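Descriptive structure summary
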Amino acid sequence: MDRVSVVMPAYNATATLEASMRSALAQTHAEVELLVVDDRSTDGTWDMIQRLAAGDARVVPIRQPRNAGVAAARNAGIEAATGRYIAFLDSDDRWYPDKLAIQLQAMRGEGAAVGYAAYERVDESGRVLSRVRPPARADYARMLKGNCIGNLTGIYDRAIGEPRFTRMGHEDYVFWLQVVRMAGQAVCASPDRVLASYLVRPGSLSANKLRAARWQWRIYRESERLGVVRSGWYFAHYAAQALHKRF
């Protein structure tokens, strides 16, 4: 089977890290390597990564030379990956066991190099806040209306090239815009079937709506270099989609 390299950045994540790692290692698609990148944590995160790596050869522990942020940590994981496919899972999120198998089947069936899936948003007690059901497929123009690809569900074939994360607000979105532009399109595996669980923390960056809106506008104008009118048109779609995600 084709190997999937799972990139997991971690910083002071001892409370959630082990469960997240085990959800990646428990995939029914067994050909997995898990690259866990410690961004110079100050708690026991690095010790936990090393302990779990000692018990499973599929875990590749990586430690950053300095604390450089999540974009740099993910890039370090991409650069060390050996698999045909790259997928991402943060150290406080989880996958369902058949997540990769279902996605790979859908991608092969559609002849697509990029895939994503539906996921649920949960609070720290495990209560489901909402379920995000993305469209069946997305091209670059559709992605400009709002991010269809939850980073914890995204996967791509490295045959499209070697994209990297940029350190800026909404770096996940900027990355998947780049990936979809390179690949042409992305497909959703069973849009109504939830395959992952995203933890929503109180006071998280993504919970600050005004800041997120400013980041979105900056992406249109600076990263994608769209004009004011076109940026405004896409921003209206982004706002409507962001509201829809919460219900």
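Located above this text is the structure these notes cover.
Residues numbered from 1 in each chain as written. Predicted model: local features only at pLDDT ≥ 70, side-chain atom pairs only at ≥ 80, totals over all residues. Heavy atoms only, no water.

1. So, unusual backbone geometry
Positive phi outside glycine occurs at N12, with the angle close to 45 degrees. With respect to the secondary-structure elements, N12 resides in the loop between β1 (4-10) and α1 (17-25). Taking the relative accessible area as the measure of exposure, N12 reaches 33% and is therefore partly exposed. Despite not being glycine, S190 has its phi angle at roughly 45 degrees, a positive value. With respect to the element layout, S190 can be found in strand β10 (residues 186-199). (Helix = DSSP H or I, 4+ residues; strand = E, 2+ residues; numbered from the N terminus. Buried < 20%, exposed > 50% of the residue type's maximum accessible area, 1.4 Å probe, protein only.)

2. Focus: the nonpolar core
Counting 38 residues, the largest nonpolar core has F88, M143, Y156 and W176 as the members making the most contacts within it. Looking at this core, the element that brings in the most residues is helix α6 (residues 171-183), giving seven residues. If we ignore the near neighbours within four places in the chain, the residues touching Y156 are I78, R84, Y85, I86, F88, A113, V114, G161, P163, F175, W176 and V179. Among the nonpolar cores identified, the runner-up in size contains 32 residues, and V59, Y85, L152 and I155 belong to it. (Core = buried A, V, L, I, M, F, W, Y, C linked by side-chain atoms within 4.5 Å. Contact = heavy atoms within 4.5 Å.)

3. A few points about the side chain of E120
By secondary structure assignment, the location of E120 is in strand β6 (residues 114-122). A distance of 2.5 Å separates the side chain of E120 from the side chain of Y96, its partner in a polar contact. Discounting residues that sit within four places of it in the chain, E120 has contacts with Y96, V128, S130, R131, V194, A196, S197 and Y198. (Polar contact = N/O pair within 3.5 Å; in protein donor to acceptor, adjacent residues only side chain to side chain.)

4. Quick word on the pairing of strand β2 (residues 32-38)
Across the seven residues that make up β2, a large majority, seven, are buried. In β2, alternate side chains face the same way, and those of V32, L34, V36 and D38 on one face and E33, L35 and V37 on the other are all buried. Here seven bridges tie β1 to β2, and the two strands are oriented parallel to one another. Considered in β2, the bridge of P9 is made with V37. Each parallel crossover has a hand, and the one from β1 via α1 to β2 is right-handed. Pairing between β2 and strand β3 (residues 59-63): five bridges, direction parallel. Residue V37 lies in a different strand from β3, and its bridge partner there is I62. Following the backbone out of β2, through helix α2 (residues 45-55) and into the adjacent parallel β3, one traces a crossover that is right-handed. (Pairing = 2+ DSSP bridges. Right-handed = clockwise from strand over helix to strand, strands pointing away.)

5. What to know about helix α4 (residues 99-110)
Two residues of an α-helix separated by three or four positions point the same way, owing to the 3.6 residues in each turn. Given a rise of 1.5 Å per residue, 12 residues ought to cover 16 Å, and the 17 Å separating the end C-alpha atoms of α4 matches this to within 8%. When α4 is considered as a whole, its buried residues turn out to be K99, L100, I102, Q103, L104 and M107. Just downstream of α4 lies G111, where phi reads positive at about 65 degrees. (Expected span 1.5 Å × (residues − 1).)

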